[in-house]
Amino acid sequence: MNNLASIKSATLSEDIAQQLSNAIVQGEIPQGSKISEPELAKQYGVSRGPLREAIVKLEGLGLVTRTANVGARVIQLNIQDMLDTFSMREALEGMAARLAATSMPLTEVNRLYTLLDKHQAYLDDNQDEHYVQQGGNDDFHLRIIHASGNAKLVRLLTEELYAVIRMYRRHTADQRSDPRQALREHRAILDAIANHEGDLAELLMRRHISRASHLLKQAMEHSALASQ
């Protein structure tokens with residue numbers, strides 16, 4: 001019974017962590033806000049134990065920080081942290097693209113071409129609305145990461161960086177331009193992977209993420225000026 005109770009508690013805390021992570025990324029729980037355990041326990045209808053475990057998971061994802069005598073708070077996005085995060089992302093996802101060029105099966109390559117065709121259709125049907133809003137960008141990148149076949153690389157990118165990366169992208173999505181350029185870059189990366197050109201795939205992925213970092217920096221600077 002004790003083991004069963006532990007499994008149920010762990011599963012519950014993971015479910016709560018996922019819900020809280022999505023709420024933070026989407027801005028439903030504002031940046032810098034204090035995490036109130038009593039309020040969240042009431043909102044989600046859970047006891048404080050699984051909720052505390054969930055908050056610890058959010059700390060591991062980099063979405064929450066904890067300070068002595070203050071408690072847990074949602075992170076506050078800032079330009080320097082974004083640059084540091086995207087610098088790591090550029091190096092790691094570049095490596096993932098290079099590895100995927102040698103390990104991605106043809107069936108997955110074809111599925112990714114189909115995915116990009118769907119993204120093209122989405123842009124055509126929605127007046128070039130950023131398809132990051134419907135998970136397209138994350139889906140493409142995550143599938144290349146998983147195709148790298150490197151378990152440690154996958155863990156670093158999907159467990160330790162991506163929640164914060166999603167938060168930055170969601171925060172500034174409406175201020176960035178030309179989603180078709182991102183789609184063109186995705187196609188070029190996939191072409192290199194399909195042709196088993198690892199060095200080119202890495203170069204194109206790094207350029208793609210470097211450009212995204214530059215645009216995010218501009219958007220965050222614009223947002224900061226607008227709020228003054």
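Reading guide: rules and limits
Residues numbered from 1 in each chain as written. Predicted model: local features only at pLDDT ≥ 70, side-chain atom pairs only at ≥ 80, totals over all residues. Heavy atoms only, no water. Helix = DSSP H or I, 4+ residues; strand = E, 2+ residues; numbered from the N terminus. Buried < 20%, exposed > 50% of the residue type's maximum accessible area, 1.4 Å probe, protein only. Contact = heavy atoms within 4.5 Å. Areas by Shrake-Rupley, 256 points an atom, 1.4 Å probe, with all protein chains shown as cover. Axes fitted to C-alpha atoms, helices over the stretch in contact; angles between N-to-C directions. Parallel < 35°, antiparallel > 145°, perpendicular 65-115°, else oblique. Left-handed = near helix turned anticlockwise from the far one by under 90°. Nonpolar A, V, L, I, M, F, W, Y, C, P; charged D, E, K, R; others polar. Salt bridge = Lys/Arg side-chain N within 4 Å of Asp/Glu carboxyl O. Expected span 1.5 Å × (residues − 1). Arc of directions from axis to C-beta.

The name an unreviewed UniProt entry gives the chain is GntR family transcriptional regulator, with Marinomonas arenicola as the organism.

A. Highlighting the overall build of the chain. Secondary structure summary: the chain contains nine helices and two strands in total. Shown N-terminal to C-terminal, the secondary structure of the chain runs as helices and strands in the order α-α-α-β-β-α-α-α-α-α-α. For the chain, the proportion of its 228 residues judged to be buried stands at 43%. The long-range fraction of contacts in the chain, counting pairs at least 24 apart against all pairs at least 6 apart in sequence, stands at 79%. For the chain, the accessible surface area stands at approximately 11,900 Å², while carbon and sulfur atoms represent 51% of it.

B. Main features of the packing of helix H4 (residues 79-103) against helix H9 (residues 198-226). In the contact formed by H4 and H9, the axes pass within 7 Å of each other and the chain directions differ by 160°. As far as their axial angle goes, H9 and H4 are roughly antiparallel. Considering how the two elements wind past one another, H4 and H9 form a crossing that is right-handed. Split by residue class, the contact of H4 with H9 holds 14 nonpolar, four polar and nine charged.

C. Examining unusual backbone geometry more closely. Its identity as a non-glycine residue notwithstanding, His196 has a phi of 60°, on the positive side. Checked against the element boundaries, His196 lands in the loop between helix H8 (179-194) and H9. Using a relative accessible area of 56% as the deciding quantity, one classes His196 as exposed.

D. Up close: the environment of Arg143. For Arg143, the position within the fold is in helix H6 (residues 136-147). In this structure the C-alpha to C-alpha distance between Arg143 and Met104, which are 39 residues apart in sequence, comes to 9.7 Å. In this structure, Arg143 is in contact with Met104, Glu108, Arg111, Leu112 and Leu115, ignoring residues within four places of it in sequence.

E. Representation of the pattern of salt bridges in the model. Using the criterion set out here, one finds 14 salt bridges in the structure. With its nearest N and O atoms 2.6 Å apart, the salt bridge here joins Glu93 to Arg89. Here Glu93 pairs with Arg89, and both are found in helix H4, just four residues apart, close to one helical turn. With respect to burial, Glu93 and Arg89 carry one shared label: buried. Each of the salt bridges in this network shares a partner with another, and the network as a whole consists of Glu108, Arg111, Asp139 and Arg143.

F. A look at helix H3 (residues 48-61). Here H3 spans 20 Å end to end across 14 residues, near enough to the 20 Å set by a 1.5 Å rise per residue. Every buried residue of H3 is listed here: Pro50, Leu51, Ala54, Ile55 and Leu58. Buried positions in H3, seen along its axis, are confined to an arc of 145° and lie on one side of it. Pointing more than 90 degrees away from the buried face of H3 are the exposed residues Val56 and Gly60. A positive backbone phi angle near 80° is found at Gly62, which sits one or two residues after H3.

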